[in-house]
Amino acid sequence: MGPEEKELFTPALQAELLVLFGLLTSQDERVVVDLGDSPHAKGMKVLVPQDRAQDPDFLHRHKQRVAAEAEQREADRREVEGIARASGMEP
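To keep things clear, this report deals only with the structure shown in the data block. (Residues numbered from 1 in each chain as written. Predicted model: local features only at pLDDT ≥ 70, side-chain atom pairs only at ≥ 80, totals over all residues. Heavy atoms only, no water.)

Some remarks on the overall build of the protein chain
When helices and strands are counted, the protein chain shows three helices and two strands. Secondary structure elements in the protein chain, listed N-terminal to C-terminal, are α-α-β-β-α. The globule rule puts the C-alpha radius of gyration for 91 residues at 12 Å, and the 17 Å found for the protein chain is more than 25% above it. When its C-alpha atoms are laid out on the principal axes, the protein chain stretches across 50 × 30 × 25 Å. Within the protein chain, the proportion of its 91 residues that are buried is 22%. For the protein chain, the exposed area adds up to about 7,100 Å²; of that, 55% sits on carbon and sulfur atoms. Distance between charge centroids for the protein chain: 4 Å, based on 12 positive and 18 negative side chains. (Helix = DSSP H or I, 4+ residues; strand = E, 2+ residues; numbered from the N terminus. Rg over C-alpha atoms; globule rule 2.2 N^0.38 Å. Buried < 20%, exposed > 50% of the residue type's maximum accessible area, 1.4 Å probe, protein only. Areas by Shrake-Rupley, 256 points an atom, 1.4 Å probe, with all protein chains shown as cover. Lys, Arg positive; Asp, Glu negative; His and termini not counted. Charge placed at Lys NZ, Arg CZ, Asp CG, Glu CD.)

Encoded structure:
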């Protein structure tokens, strides 16, 4: 995503997209919850079932899982770039 697209992808837009996604994919009512910042994302928002939105343990586990997935993607990206460099390609 380029700088222009990142500028348009505001927290408010992210929340609205999550609500829309929830309406399109879920049969139960879901709400957007702000999980705060993590090492790989600022202002993380997530769509959760309404009855789990006030469960701090559930939200903490969810934030940890999302952060671990982001960390793995970053490690994978670095590995692919290393392979590309070793192969004489520019990543």
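From this point, the narrative continues.
Looking at the side chain of H62
With respect to the helices, strands and loops of the structure, H62 is situated in helix α3 (residues 56-86). For H62, a relative accessible area of 15% translates into the label buried. Contact partners of H62, with chain neighbours within four places excluded, come to L35 and V46. (Contact = heavy atoms within 4.5 Å.)

What to know about the pairing of strand β2 (residues 41-49)
Of the strand pairs in this sheet, strand β1 (residues 30-38) and β2 are connected by seven bridges, and their pairing is antiparallel. Directly across from S38, in β2, lies its bridge partner A41. (Pairing = 2+ DSSP bridges.)

Considerations on the environment of R65
Mapping R65 onto the fold places it in helix α3. Of note is the side chain of R65, whose polar atom sits 3.1 Å from the side chain of H62. (Polar contact = N/O pair within 3.5 Å; in protein donor to acceptor, adjacent residues only side chain to side chain.)

Things to note about a nonpolar patch on the surface
On the surface, F9, L13, L17, L20 and L24 cluster together into a nonpolar patch covering about 470 Å² of accessible area. Looking at the secondary structure, you find F9 in the loop between α1 (3-8) and α2 (11-25). (Patch = residues over 30% accessible without salt bridge, like charges linked within 9 Å, V, L, I, M, F, W, Y side chains within 5 Å. Salt bridge = Lys/Arg side-chain N within 4 Å of Asp/Glu carboxyl O.)

Examining the pattern of salt bridges
Counted according to the given criterion, the structure contains six salt bridges. For the salt bridge of K45 with D34, the shortest nitrogen-to-oxygen distance reads 3.9 Å. Of this pair, K45 sits in strand β2 while D34 is found in strand β1, placing the two residues 11 residues apart along the sequence. Between R78 and E74 there is a salt bridge, with the nearest N and O atoms lying 3.6 Å from each other. Residue R78 and its partner E74 are located together in helix α3, separated by four residues, close to a single helical turn. Taking relative accessible area as the criterion, R78 reaches 47% and is therefore assigned partly exposed. Salt bridges sharing common partners tie together E74, R77, R78 and E81.

Digging into the nonpolar core
One broad rule of soluble globular proteins: the nonpolar side chains tend to lie buried together. By size, the foremost hydrophobic cluster in this structure holds eight residues: V33, L35, M44, V46, V48, A53, F58 and L59. Among the elements of the structure, β1, β2 and α3 are those that each provide at least two residues to this core. With three residues, β2 is the largest single contributor of residues to this core. Discounting residues that sit within four places of it in the chain, M44 has contacts with V33, D34, L35, G36, S38, K63 and V66. (Core = buried A, V, L, I, M, F, W, Y, C linked by side-chain atoms within 4.5 Å.)

It is worth stressing that arrangement in space is one thing and function is another; only the former is reported here.
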